[in-house]
Amino acid sequence: MQHISSLLTGTGIGKVLIAAPVHPVLLQGLAECGCSFVMREEITQVEAFTLIADCVGVVTSTRIQLGKELIDAAPHLKWIGRMGSGLEVIDTAYAAEKGISVVASPEGNCNAVAEHALGMLLTLMHRIAWSHSEMVNGLWQREENRGSELEKNTVGIIGFGHTGAAFAQKLSGMDVNIIAYDKYAPEKIPNHIKNCSGISEIFQKANIISFHVPLQKDTLHYFNDGFLNNMKNNFILINTSRGNVVDTSVLLRGLASGKIKGACLDVFEAEPVNLTDSAAGKLLEAQMHSPNLIVTPHIAGYTFEALYKMSKVILDKLTGNFR
């Protein structure tokens, strides 16, 4: 992260495009610094080209792609604030060339994502959602809904940034074995967690896999046929990172064969899922009633608290008050 005393001084003050849901704390802070803003939470890519033209700043999530063309359409742009984590929606290299600062807020929603991942995992293993659905339909099925305990399992966390670390912290009181692999920042993995020197150790030991990686060239379809075939144990897969990290076709084959005992998914290759045109996506949608699949509509980091925390982190980074 580039440390700047304050981006909201001089040329950094002016009109700001708010292209994402934000908490009022951010709007109030921007106004107090002298910024005005245009609110367009439901913005389209086409609208962005017009609205961003005279802006010095933009706050976005995933609704618009801030690539070279859109950045060039904003000759006065000085900073970009990203609600949440993952910078794949921003051409950060080109922004740097243009002298545009980029601030993200992964610190703001990592706790929400970690809690959500743990909640989905327990829901799957203890068959909570499935048995609830049966009871709503008048069924009382005890033996059929005998669950499995998380205790003593080995959880492999892939990616140990803010969300990976938060998930590990949630698991720390669950009496599980936690192992972690981070290709780019292995030094972030604390001593009390097994730091895997390579992904092969995850393949050999884990029976629960949780992805916490950004979407980039080397994580596109990170979970593929090779990954599935290399897993020694039957396992549960959790993905709260980005949908394209997991190859849906491979996931479905793993579930069908039983190699994947269950999956917890908050993100998908095509969102919304019901609008996908891919065969794999349509098959996944058809199988969402399965008891070994827990799915949610990309809401892991979407809590009321996270909205405030992400907004506050962006404001603090823009004003130089972030610690």
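Right above here is the structure, for reference.
Bear in mind the structure is a predicted one, so any value in this text is a computation, not a measurement.

Asker: Please clarify how the sheet that holds strand β11 (residues 260-265) should be interpreted in this entry.
Answerer: Sheet strands pair by backbone hydrogen bonding; their relative direction is either parallel or antiparallel. Across the sheet, seven strands lie side by side as β8-β7-β6-β9-β10-β11-β12; this open sheet has parallel pairing. The sheet terminates laterally at β8 (194-195) and β12 (293-295), the two strands that pair on one side only. Here strand β6 (residues 154-158) runs beside strand β7 (residues 177-181); their pairing, made up of five bridges, is parallel. Within β7, the position partnered with Gly156 by the bridge is Ile179. Most of the contacts of helix α10 (residues 248-257) go to β11, to which it runs at about 140°, and overall it touches β11 and β12.

Asker: Just checking my understanding: could you explain the packing of aromatic side chains for this structure?
Answerer: Ring pairs (aromatic) are described by centroid distance and by the angle formed between their planes. In total, this model carries seven aromatic pairs according to the counting rule given. Seen from their ring centres, Phe211 and Phe227 are 5.7 Å apart, and the 55° between their planes marks the pair as tilted. With Phe211 in strand β9 (residues 208-211) and Phe227 in helix α9 (residues 225-230), the pair connects residues that are 16 residues apart, well separated along the chain. The same class applies to Phe211 and to Phe227, which are both buried. Residues Phe223 and Phe235 carry aromatic rings whose centres are separated by 6.2 Å and whose planes lie at 65° to one another, so their mutual orientation is edge-to-face. Here the residue Phe223 occupies a position in the loop between β9 and α9, and Phe235 occupies one in strand β10 (residues 235-239), the gap between them amounting to 12 residues. In this structure Phe223 comes out as buried when scored by relative accessible area, which is 0%.

Asker: It is not clear to me how the layout of surface pockets should be interpreted in this structure. Could you clarify?
Answerer: Where empty space is left can be seen by rolling a probe of water-molecule size over the atoms. For the second largest pocket, the calculated volume is near 220 Å³. As for the second largest pocket, its lining consists of Leu124, Met125, Arg127, Ser148, Asn153, Asn207, Ile208, Ile236, Lys261, Gly262, Pro291 and Asn292. For the lining of the second largest pocket, the secondary-structure elements that each account for two or more residues are α5 (106-125) and β11.

Asker: How should α5 be read in this particular structure?
Answerer: In an α-helix, one turn spans 3.6 residues; hence positions three or four apart end up facing the same way. Helix length check: α5 (20 residues) gives 28 Å between terminal C-alpha atoms against 28 Å at 1.5 Å per residue, within 8%. Burial analysis of α5 places 14 of its 20 residues in the buried class, the great majority of the element. A positive phi of about 55° marks Arg127, the residue just after α5.

Asker: I tried to follow the nonpolar core on my own but got confused; where do I start?
Answerer: A general tendency of soluble globular proteins is for nonpolar side chains to be buried together. Grouped together as the largest cluster of nonpolar side chains are 31 residues, with contacts concentrated most on Ile209, Phe211, Phe223 and Phe227. For this core, the secondary structure elements donating two or more residues are β7, α8 (199-205), β9, α9, β10, α10, β11 and α11 (279-286). In terms of residues, this core owes the most to one element, α10, which gives four residues. With sequence-adjacent residues up to four places away left out, Ile209 is seen in contact with Gly156, Ile158, Ile202, Phe227, Met231, Phe235, Ile236, Leu237 and Ile238.

Asker: Just checking my understanding: could you explain empty space enclosed by the protein for this structure?
Answerer: According to the stated counting rule, one finds one cavity of 30 Å³ or more in the structure shown. Of the volumes computed, that of the largest cavity is approximately 50 Å³. Lining the largest cavity, in full, are Asn239, Gly243, Val246, Thr248, Leu251, Leu265, Val267, Phe268, Glu269 and Leu284. Taken together, the residues that form the lining of the largest cavity break down as six nonpolar, three polar and one charged.

Asker: Can you help me understand the packing of α5 against helix α7 (residues 162-171) in this one?
Answerer: Two numbers describe a pair of packed helices, the interaxial angle and the distance between the axes. Contact pair α5 / α7: the axes reach a minimum separation of 8 Å and the direction vectors enclose 45°. Looking at the two axes, α5 sits oblique to α7. Between α5 and α7 lies a crossing of right-handed hand. Judged by residue contacts, Pro106, Glu107, Cys110, Asn111, Val113, Ala114, Glu115, Ala117 and Leu118 of α5 engage His162, Thr163, Ala166, Phe167, Lys170 and Leu171 from α7. In terms of residue class, the contact of α5 with α7 is made up of nine nonpolar, three polar and three charged.

Calculation criteria
Residues numbered from 1 in each chain as written. Predicted model: local features only at pLDDT ≥ 70, side-chain atom pairs only at ≥ 80, totals over all residues. Heavy atoms only, no water. Pairing = 2+ DSSP bridges. Helix = DSSP H or I, 4+ residues; strand = E, 2+ residues; numbered from the N terminus. Contact = heavy atoms within 4.5 Å. Axes fitted to C-alpha atoms, helices over the stretch in contact; angles between N-to-C directions. Phe/Tyr/Trp six-rings, centres within 6.5 Å; stacked < 30°, edge-to-face > 60°. Buried < 20%, exposed > 50% of the residue type's maximum accessible area, 1.4 Å probe, protein only. 1 Å grid on protein atoms, 1.4 Å probe; cavity = no way out; pocket = protein on both sides within 12 Å on 5 of 7 lines; lining within 4 Å. Points joined across faces, edges and corners; volume = space filled by probe spheres on them. Expected span 1.5 Å × (residues − 1). Core = buried A, V, L, I, M, F, W, Y, C linked by side-chain atoms within 4.5 Å. Nonpolar A, V, L, I, M, F, W, Y, C, P; charged D, E, K, R; others polar. Parallel < 35°, antiparallel > 145°, perpendicular 65-115°, else oblique. Left-handed = near helix turned anticlockwise from the far one by under 90°.

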